[in-house]
Amino acid sequence: MASPDLFQNVAFSDVSAAAVPAAVGATAAFGVGAATGGPRLSLVKAGKPEVEPTVEIDLSDAQIFKLGPSEWLCVCGESEAKAGVEEKSFSRAIKVVLRTEAESKAFSLAFQRWKQQVISGKTGEPLENGSIIASKSKFDTKIEASSAKMYFHYYGQLLHQQNMLQDFVRTGTYYAAVMENRSDFADRVVVDVGAGSGILSLFAAQAGARHVYAVEASEMAEHAQRLISGNPALGQRITVIKGKVEEVELPEKADILISEPMGTLLVNERMLESYVIARDRFLAPGGKMFPTTGRIHMAPFSDEYLYVEMANKGLFWQQHNFFGVDLTPLHGSAFQGYFSQPVVDAFDPRLLISPPTYHTLDFTTMKEEDLYEIDIPLSFVASVGTRVHGLACWFDVLFGGSNVERWLTTAPGSPTTHWYQLRCVLSQPLYVMAGQEITGRLHLVAHSAQSYTIYLTMSAKMWGVGAEQGGILQTSTGKLELKEPYYRLSQPQSYMLSQDQQQQQQLPSLQPQGPEQQMQEGLSPGITTDQVDQECGLH
């Protein structure tokens with residue numbers, strides 16, 4: 001095979017003309033028709049120049065059907081016109097036989113890629129009855145073009161891929177999850193959703209996958225192809241497909257999907273939706289997903305240092321004479337603006353003042369629309385008397401393999417990942433006593449900039465005498481933008497603890513436990529809070 005769009009030594013025959021013998025040793029070439037400028041499939045008999053195709057198929061109305069491992073039936077529309085006779089339309093069927101199964105897969109992918117191109121002219125080009133409008137995929141209808149452009153540009157750069165690859169918690173956990181479950185991958189068809197550098201595709205090939213389709217929409221697809229080609233023992237079983245999972249076509253169903261679709265707070269960048277779409281489009285019934293499940297963990301925290309740091313940012317706007325200008329009219333807006341930024345950093349788990357709770361997302365069963373709006377009720381019991389400054393969040397994901405179930409966690413106290421943790425800081429803290437109930441709501445609403453607006457409400461319920469009658473003592477709310485976080489990536493500070501907090505330096509749910517209980521909490525065996533002092537790259 002000379003190129004992905006040129007296939008040599010093929011055989012083809014016109015099914016509708018049974019008396020005509022099949023042409024062998026022919027060439028199949030995808031390209032642009034000289035007359036129309038639209039995509040065409042040219043079938044050229046042996047010995048004939050490519051400019052004189054025996055059969056030329058307009059891909060605008062053509063379809064292909066798989067007849068066997070290396071056989072395809074191409075059906076297209078034809079018309080016949082004679083002077084004084086009404087034009088007749090009919091279908092034509094051409095059988096194409098490739099040399100190998102691998103070439104057969106490449107032929108199918110080339111057909112779909114060329115068919116997706118604009119059939120006549122360019123987008124916006126005026127025609128007699130209007131203009132051509134490029135059809136939009138589901139991704140394009142819900143995501144701003146400017147956001148998508150920046151997103152794919154970012155992930156098309158090797159330096160950002162390096163930051164993720166060097167997150168050894170992330171990369172090592174994926175490698176272990178695949179290799180410990182070789183039986184799930186051996187002789188299976190795998191689709192790598194958002195393949196990036198192609199590292200997960202190579203892992204799947206190492207585990208014995210029969211074939212891997214690495215789907216990547218950014219310019220990183222070219223780098224992935226070079227990396228995969230540079231590892232030929234594995235690369236011969238990997239096909240890189242440049243495009244969005246919402247748009248590309250694959251020649252066969254997948255037995256397993258693998259992807260790294262997690263963003264900050266699990267859902268940022270909205271790639272989980274593409275992961276679910278890929279499941280619906282490509283995964284065969286009974287197929288597996290790596291990862292299988294995700295959980296968002298939450299707990300209230302107290303951090304005076306952080307709160308003062310955030311509040312002090314607004315002091316600039318309290319100047320009454322800034323070159324003769326009174327800035328104070330903007331202080332209130334600036335103050336709220338700083339608290340609209342979620343804080344991304346690695347914090348000491350001793351700052352949590354209650355055992356955490358979590359919200360589960362089952363990637364195998366959930367609908368894409370379930371990710372448009374996520375509503376999580378909150379209920380905690382304070383372990384100490386203190387000021388509550390907001391809600392701390394992190395996530396973990398489960399790789400539900402047949403042999404080993406492995407967790408990848410971003411919990412505080414665990415080895416730091418490039419995701420770190422996230423904290424929503426309230427501009428008005430709550431005051432609580434030990435044993436007091438904290439309730440509220442975490443409401444995430446997706447938007448077209450590939451992220452979420454966070455609406456947080458936290459309330460302290462009545463405590464002490466008369467508490468059994470219920471009621472709310474204090475309520476604090478916040479509106480934060482997940483796409484615009486404050487990256488606070490300095491090392492965790494040494495915190496002065498109150499006497500109550502010193503007695504509970506580690507909450508029971510975050511203390512090192514037996515492996516079984518740690519797995520239930522999404523923690524790795526043997527992890528202590530001292531291991532939080534690490535640094536990793538950020539994407």
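Residues numbered from 1 in each chain as written. Predicted model: local features only at pLDDT ≥ 70, side-chain atom pairs only at ≥ 80, totals over all residues. Heavy atoms only, no water.

## Considerations on helix H8 (residues 220-229)
What counts is decided by this rule: Throughout this description, buried means an accessible area under 20% of the type-specific maximum (1.4 Å probe, protein chains only), exposed means over 50%, and partly exposed covers the range between. Note on conventions: DSSP H or I runs of at least 4 residues are helices, E runs of at least 2 residues are strands, and numbering of each starts at the N terminus. Taking the helix axis as origin, the arc is that swept by the directions to the C-beta atoms. In this analysis, two residues are considered to be in contact whenever any of their non-hydrogen atoms come within 4.5 Å of each other.
Three or more residues of H8 are buried, namely Met220, Ala221, Ala224 and Ile228. On an axial view of H8, the arc spanned by its buried residues comes to 100 degrees, and they lie on one face. Taken together, the buried residues of H8 touch helix H3 (145-155), helix H4 (158-165), helix H7 (199-206), strand E11 (211-216), helix H9 (232-235) and strand E12 (238-242).

## Quick word on the environment of histidine 331
Along the polypeptide, histidine 331 turns up in helix H12 (residues 331-338). When the C-alpha atoms of histidine 331 and leucine 315 are compared, they prove to be 7.7 Å apart, with 16 residues separating the residues in sequence. Beyond its immediate stretch of four places on either side in the chain, histidine 331 contacts Gly314, Trp317 and Gln318.

## Remarks on the nonpolar core
What counts is decided by this rule: Put simply, a nonpolar core is a bunch of buried Ala, Val, Leu, Ile, Met, Phe, Trp, Tyr and Cys residues held in one set by side-chain atoms that sit within 4.5 Å of each other. Residue ranges assigned to each domain were obtained from an automatic or database domain assignment.
In terms of nonpolar packing, the biggest core is built from 96 residues, with Val267 and Leu442 touching the most fellow members. Looking at this core, you find at least three residues from each of domain 2 (145-260) and domain 3 (295-465 + 472-487). Within the second largest apolar cluster, 24 residues are counted, among which are Leu43, Ile64, Cys76 and Phe107.

## Structural notes on the sheet that holds strand E22 (residues 437-447)
Going by this rule: Think of it this way: DSSP has to see at least two bridges between two strands before they count as a pair. All axes here are fitted lines through C-alpha atoms, helices being fitted over the stretch that makes contact, and every angle between N-to-C directions spans 0 to 180 degrees.
As summarised here, the arrangement of the four strands in space is E18-E22-E23-E24, forming an open sheet in which the pairing is antiparallel. Every other strand in the sheet has two partners, leaving strand E18 (373-381) and strand E24 (472-481) as the edge strands with one partner each. On average, adjacent strands in this sheet sit at an angle of 15 degrees to one another, irrespective of strand direction. Judged from the nine bridges that link them, strand E23 (residues 451-461) and E24 form a sheet pairing that is antiparallel. In the strand pairing of E24, alanine 460 is matched with glutamine 474.

## Thoughts on the side chain of serine 197
Along the polypeptide, serine 197 turns up in the loop between strand E10 (189-193) and H7. Among all residues touching serine 197, those that are not within four sequence positions of it are Gln161, Leu165, Met220, Ala224 and Leu227.

## Thoughts on the pairing of strand E1 (residues 6-14)
With seven of its nine residues buried, E1 lies for the most part within the structure. Pairing geometry for E1 and strand E2 (residues 23-32), over five bridges, is antiparallel. Bridged to phenylalanine 12 within E2 is alanine 23.

## Regarding the side chain of threonine 292
Definition in use: Here a polar contact means two N or O atoms within 3.5 Å. Within protein one must be a hydrogen donor candidate and the other an acceptor candidate, and residues neighboring in sequence count only if both atoms are side-chain atoms.
In this fold, threonine 292 is placed in the loop between strand E14 (283-290) and strand E15 (293-301). Using a relative accessible area of 16% as the deciding quantity, one classes threonine 292 as buried. Side-chain polar atoms of threonine 292 contact the backbone oxygen of methionine 289, separated by 2.8 Å. Discounting chain neighbours no more than four positions away, the residues touching threonine 292 are Asp362, Phe363, Thr364, Leu398, Phe399 and Gly400.

## A look at the confidence of the model for the protein chain
How we decide: For every residue, the predictor assigns a confidence score, pLDDT, that lies between 0 and 100.
On average, the protein chain scores 84 in pLDDT, and the residues at 70 or more come to 80%. Every residue in residues 491-496 scores below 50 in pLDDT, and together they form 15 contacts with partners more than four places removed in sequence or on other chains.

## A look at the packing of aromatic side chains
Counted only if it meets this: Centres within 6.5 Å make a pair out of two Phe, Tyr or Trp rings, where for Trp the six-membered ring is used; the pair is then stacked when the planes are under 30 degrees apart, edge-to-face when over 60, and tilted otherwise.
Enumeration according to the criterion identifies 19 aromatic pairs in this entry. Considering the side-chain rings of tyrosine 154 and tyrosine 155, the 5.0 Å spacing of their centres and the 75 degrees angle between planes classify their relative orientation as edge-to-face. For tyrosine 154, a relative accessible area of 23% puts it in the partly exposed group. Overall, the relative accessible area of 11% leaves tyrosine 155 in the buried class. Ring plane angle 50 degrees and centroid distance 6.0 Å describe the contact between phenylalanine 290 and phenylalanine 399, whose orientation is recorded as tilted.

## Looking at unusual backbone geometry
Cis geometry marks the peptide bond from phenylalanine 290 to proline 291, where omega comes out at 5 degrees. With respect to the helices and strands, the residue proline 291 is situated in the loop between E14 and E15.

## Comments concerning H3
Along H3, the positions that sit buried rather than exposed are Ser147, Ala148, Tyr151, Phe152 and Tyr155. On an axial view of H3, the arc spanned by its buried residues comes to 120 degrees, and they lie on one face. Those residues of H3 that are exposed and aimed more than 90 degrees away from the buried face are Ala145, Lys149, Met150 and His153. Residues of H3 that are buried sit in contact with helix H2 (138-142), H4, H8 and helix H10 (271-282).

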